[in-house]
Amino acid sequence: MEKPKVGIFSMSSCEGCLVQVLNLEDKILEMMRSVELVDCRLLGVKKSYDRLDIAIVEGAVMSDEEERELREIRERSKILVALGDCACHGGRFLFKDFKFDSVPVDLPRGLKSFRADPLDKYVKVDYYVYGCPIDGDDFLRLFKELLMGKEYRPAPFNVCAECVLKDNECLLDKGIPCLGPITRGGCGAVCPTSGRRCIGCRGLAEDANVDSLIEIFTKRGIEVPEYLWELKKQVGGGRRG
Amino acid sequence: MAKEVVLEKVARIEGLLNLAVVIREGRVAEARAEALEGTRLLERILLGRDYEEVPDLASRMCGVCQAIHRVTSVQALERALGVELPEQLELLRELVAIGGHLQSHILHLYFFVLPDFMGRSSVFELLPSHEPLIRRVLRLKRIANAITEIVGGRAVHPVTPVVGGFTSLPSRLKLERALALAKAFRDLVEEPVRLILSLEAPEFERRTAYVSLRGDGEIPLLKGPVAVSGRGEFQPHEYERHIRYVTESYSMARHYTLSDGSEYMVGALARLNNNYHNLSDGAREMAASFSVKFPSYSPFDNNRAQALELVHFAERAIEILDALLESPPGRARIGFEVHEGEGVAVTEAPRGLLIHHYRLDARGRVTLANIVTPTAQNYKNLEADAREFVTVLLKQGVEDLERKTEMLIRAYDPCVSCSARFFREH
């Protein structure tokens, strides 16, 4: 059987998610036995090919050129995977209350305006690997399931689910503005486990209830940040579509 | 007639970069390092945010050298708030930085640089002939990440360093484990480093100003005055008087020069040119056995300098861990009061001098943020090197001009993502 052809591409990003993939170390070598990597600028792989079985794309779309490139990748790929928060959500968890159109910028290279868009604003995305950065084991799981022809499904639960299993002390109880309750888990609650509040890098959990988090913040005397009110307007108590 | 050669989206570097070279009458008239990566407005995102959020956001500058971005932002905020750490916590911070340097240098030297010298285009093509070596460097990478993880909580975007210290400290058992890892790294790295030192780089020299932190008996990563070779030193908070940026319509990044408009180089070569006498014994012996000498004026020697740093910083990590096990840190985090203030931290990222500068209001909200990355500082020097190097290649009539020029770019270990920021404050 012919090995599935894989391409790895970057839009605007810090390439930290690809570094996470490289951090799988020996496991990458094993993975490479099952697939044929035909395109990856970061690693210097550039073979000729027409069609891709799997395109892995990290980064946000920030220019017309990137938008064009993304559309081309989509056209020649059977499966397109958005890798990391920039590709999944345009890296929005960093911005939160920040409105793009109010930013004064001198844009070089003939750019007219600032944008940082998720891939699915322009093309159909088949699978999402969440996080900033992604978790290497998540990526590995996606890969295995694709090779076995199974449907990959990211963790549907929130960060608290894993935090509780680790017996961590709740940061909200200490008055720390942790976003764990509304944030998609699967990261092993890495930040709260190190005593850091969750900053929401995997986007909203499937049953995220922003109303309830605002209530928790208020009850515990934590100042409700501006972006939570903004988020409430968008999703209210229910999940985001 | 002028001819323009454009090396597009150069492979095996971090981020998207074109190098355009304009050739007129057999000479290079102009070279442009064009950063293509979308501008990320990180300084704008930081405005108005609470100082506690800054390290999480600032580490997102870069996926390769996020550890040092986090540590540098924390140090700049500590300057602003007048926080001074006990020595043991400073040592732990240095350890986080070292873990980042080791993994970054391994990635650059063996995944990005080595294939060029072996006539291959990627590390996978090296696999059939060099599998034991590749497995060894993957193991070294894993060890470097494990050291960062023990102290920083996570290998990519570490989470524990915060203003005033750390959110939590590694247990004695974990420090012992880190020591064993550092020793294993030191042993395993010997052979791969010898390989890099033995490679024959293209012959090319061009003297420039080398800018790095300078140390007394050490190669400092997190403190010290900034040395400008041949011109003296300045203190971190004075940086704006000594370097300045220019905006180029072709690049998403700011390009930096010294205050007189001349280009300069930062990175491992600059560090060793300014601190060669402080190399650890093991690293110095290896340099001697391959007749590698500093100061060196060949940008290609940045690779050799990184290789020697792998040995040096592994030995430094062992020293730090011995000291920490002998006298462990007491508290994870010291107390401080939030007040108005301004602070600058200058550190050494794997790719060179890194500056974070913040101003806070009375509630600890950011009112000014400025970040100067190593690659942004190197662009003008890369352009100057490319002009001269390509002119030499044209004179020699070499056939693989593009490949050799790419090797020059790669020697700088550019990190385009870090550098691509374009934010006007008014």
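That block above? That's the structure.
Described in the following lines is the structure provided in the data block.

Reading the values: the criteria
Residues numbered from 1 in each chain as written. Chains lettered and ligands numbered in written order. Predicted model: local features only at pLDDT ≥ 70, side-chain atom pairs only at ≥ 80, totals over all residues. Heavy atoms only, no water. Buried < 20%, exposed > 50% of the residue type's maximum accessible area, 1.4 Å probe, protein only. Helix = DSSP H or I, 4+ residues; strand = E, 2+ residues; numbered from the N terminus. Pairing = 2+ DSSP bridges. Axes fitted to C-alpha atoms, helices over the stretch in contact; angles between N-to-C directions. Contact = heavy atoms within 4.5 Å. Salt bridge = Lys/Arg side-chain N within 4 Å of Asp/Glu carboxyl O. Polar contact = N/O pair within 3.5 Å; in protein donor to acceptor, adjacent residues only side chain to side chain. Nonpolar A, V, L, I, M, F, W, Y, C, P; charged D, E, K, R; others polar. Core = buried A, V, L, I, M, F, W, Y, C linked by side-chain atoms within 4.5 Å.

1. Overview of helix H8 (residues 268-275) of chain B
Within H8(B), eight of the eight residues are buried, which leaves it mostly tucked inside the rest of the structure. Of the residues making up H8(B), those classed as buried are Ala268(B), Leu269(B), Ala270(B), Arg271(B), Leu272(B), Asn273(B), Asn274(B) and Asn275(B).

2. What to know about the sheet that holds strand S13 (residues 352-360) of chain B
Residues and elements named next belong to chain B. Strand order across the open sheet formed by three strands is S12-S13-S14, with antiparallel pairing between neighbours. Because the sheet does not close on itself, it has two edges, and the strands there are strand S12 (341-349) and strand S14 (366-372). Across the sheet, the mean angle from the axis of one strand to that of its neighbour is 10°, orientation sign disregarded. Two elements, S12 and S13, share nine bridges in a ladder whose sense is antiparallel. Bridged to Val344 within S13 is His357. Lying over the sheet, helix H11 (residues 374-396) contacts S12, S13 and S14, oriented at roughly 130° with respect to S13.

3. Thoughts on the interface of chain B and chain A
Listed as interface residues are 65 residues of chain B and, on the opposing side, 55 residues of chain A. Put simply, chain B and chain A have eight salt bridges between them. Taken together, chain B and chain A are joined by 15 residue pairs in polar contact (both at pLDDT 80 or more). Breaking the side of chain B that touches chain A down by element, the ones donating at least two residues are strand S3 (27-35), helix H1 (42-46), helix H2 (54-58), helix H4 (87-117) and helix H5 (123-152) of chain B. With nine residues, the top contributor of residues to the side of chain B that touches chain A is H5(B). In terms of residue class, the side of chain B that touches chain A is made up of 26 nonpolar, 17 polar and 22 charged.

4. Comments concerning the nonpolar core
Within the largest apolar cluster, 163 residues are counted, with the highest numbers of intra-cluster contacts made by Tyr110(B), Phe111(B) and Phe185(B). The dominant element in this core, judged by the number of residues it contributes, is H4(B), at 15 residues. Formed by 20 residues, the second largest nonpolar core is a distinct cluster that contains Leu179(A), Ile214(A), Val224(A) and Leu231(A).

5. Notes on the pairing of strand S1 (residues 5-10) of chain A
All names here are of chain A. Among the six residues in S1, six count as buried, and that is most of the element. Neither face of S1 is left uncovered, since the one carrying Lys5, Gly7 and Phe9 and the one carrying Val6, Ile8 and Ser10 both have all their residues buried. Relative to strand S2 (residues 36-40), S1 runs parallel, the two sharing four bridges. Paired with Val6 across the two strands is Leu37, which belongs to S2. Pairing of S1 with strand S4 (residues 52-58), which is carried by five bridges, proceeds in the parallel orientation. Bridging from a neighbouring strand, Val6 pairs with Ile54 of S4.

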